[in-house]
Amino acid sequence: MKKKALALILAFAMICAFSLSACGGGSESESAEEGSEETAKLKVVTEATFAPFEFTEDGEEEIVGFDPDMMAAIAEDQGLELEWVNMEFDSLIPALQSDQGDIICAGMNKLAGDRAEKVDFGDTYFESDLMLLVTADSDLAGIDAVTSDMKLASQIGTTGGDMVQAMKDEGKIADGVVLNQWTDCYLQLQNGEVQGVIVDKPVGEAYLNNHSDIAKFVGDSFGDHEEFAFAVQQGNTELLDKLNTGLANIKANGTYDELVDKWFS
Ligand code: GLN
């Protein structure tokens, strides 16, 4: 009798154990199904030597700055998942055109050249002008005082790069040196290979925060009035509407101003 009872208890215990593991498996498979519904990550392309908008700390991979913080706040507001990819500035628009990226966020002036014919820009998130950065010991009176023996540098594919090349073509300077990274432009100024760098004002200010002993702005801005905006692939109005709505929301709730204070004060 005892053996029979024991066998019944064991059988019952095995049935319970089996049914529990089956339920557990169901929840795991559900979570797996839920997992497959995770939001697809959107690829944000940028050029990360443009501090304080986007840059990497010495030796670090992570891209930090105003733009990553702003886009993270927009993504949270709109339920988007982002991943950042660093590349040369003049590769950014081709990346969207060839479906190698979903969003450009790179302090890109939406008013420049034919950019708006190639990608769809969102609402303006920052305004800026170009300035001329020179060595601290320069006696240059202003941007109109540059001489035809001077070399000026800026970044390839940017409004500053276009400016130095135009000045060269007009014979105003001896050479317009366009380089892949802003850090290379600063180095060429520091080692005397060029006599000036044409750079976006807030970016030049960030450089001067740590280098006012060797460099300075000279004269007024070039007055080219830039409007920085993120951009999406042409026709992606659904994503662009989300980004614009997110930007409006973070401006309304004070997050945008907190980020401006964090990165530009
Ligand atoms: N604002 C400039 C442009 O739009 C430079 C941008 C940059 O170097 N990231 O060309």
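In case you missed it, the structure is sitting above this.
Residues numbered from 1 in each chain as written. Predicted model: local features only at pLDDT ≥ 70, side-chain atom pairs only at ≥ 80, totals over all residues. Heavy atoms only, no water.

## Some points on unusual backbone geometry
- For the bond running from Ala-51 to Pro-52, omega is 5 degrees, close enough to zero to count as cis.
- With respect to the element layout, Pro-52 can be found in the loop between strand S2 (49-50) and strand S3 (54-55).
- Unlike most non-glycine residues, Asp-99 shows phi in positive territory, near 60 degrees. (Helix = DSSP H or I, 4+ residues; strand = E, 2+ residues; numbered from the N terminus.)

## Things to note about empty space enclosed by the protein
- Counting across every chain of the model gives 1 cavity of 30 Å³ or more.
- Estimated volume of the largest cavity: approximately 80 Å³.
- Lining of the largest cavity is provided by 14 residues; of these, Phe-50, Phe-89, Gly-107, Thr-158 and Asp-200 occupy positions nearest its centre.
- Among the residues making up the lining of the largest cavity, the classes are represented as 5 nonpolar, 6 polar and 3 charged. (1 Å grid on protein atoms, 1.4 Å probe; cavity = no way out; pocket = protein on both sides within 12 Å on 5 of 7 lines; lining within 4 Å. Points joined across faces, edges and corners; volume = space filled by probe spheres on them. Nonpolar A, V, L, I, M, F, W, Y, C, P; charged D, E, K, R; others polar.)

## Considering the site of the ligand
- In the vicinity of the ligand there are 14 residues, among which Ala-106, Asn-109, Arg-115, Asp-200 and Glu-226 approach most closely.
- At 2.9 Å, a backbone N or O of Thr-159 approaches an oxygen atom of the ligand.
- Protein contacts shield 100% of the accessible area of the ligand, which totals 300 Å² for the unbound molecule.
- A majority-of-atoms criterion places the ligand in the largest cavity. (Near = heavy atom within 4 Å. Polar contact = N/O pair within 3.5 Å; in protein donor to acceptor, adjacent residues only side chain to side chain. Areas by Shrake-Rupley, 256 points an atom, 1.4 Å probe, with all protein chains shown as cover. Sits in = over half its atoms within 2 Å of the grid points.)

## Some remarks on the sheet that holds strand S5 (residues 103-104)
- Taken together, the 5 strands give an open sheet; going across it, the order is S4-S1-S5-S12-S6, and neighbouring strands pair in mixed fashion. Both outer strands of the open sheet, strand S4 (81-86) and strand S6 (119-128), are each paired with one neighbouring strand and no more.
- Lying over the sheet, helix H2 (residues 66-78) contacts S4, S5, S6 and strand S12 (226-233), oriented at roughly 160 degrees with respect to S4. (Pairing = 2+ DSSP bridges. Contact = heavy atoms within 4.5 Å. Axes fitted to C-alpha atoms, helices over the stretch in contact; angles between N-to-C directions.)

## With respect to a negative patch on the surface
- A surface patch of negative charge is lined by Glu-57, Asp-58, Glu-60, Glu-61 and Glu-62.
- With respect to the helices and strands, the residue Glu-61 is situated in the loop between S3 and H2. (Patch = residues over 30% accessible without salt bridge, like charges linked within 9 Å, V, L, I, M, F, W, Y side chains within 5 Å. Salt bridge = Lys/Arg side-chain N within 4 Å of Asp/Glu carboxyl O. Lys, Arg positive; Asp, Glu negative; His and termini not counted. Charge placed at Lys NZ, Arg CZ, Asp CG, Glu CD.)

## Some remarks on helix H7 (residues 237-252)
- The end-to-end C-alpha distance of H7, which contains 16 residues, comes to 22 Å, matching closely the 22 Å that a straight helix rising 1.5 Å per residue would cover.
- Buried residues in H7 make contact with strand S1 (41-46), H2, S5, S6, S12 and helix H8 (255-264).
- Looking one or two places after H7, you find Gly-254, whose phi comes out positive at around 90 degrees. (Expected span 1.5 Å × (residues − 1).)

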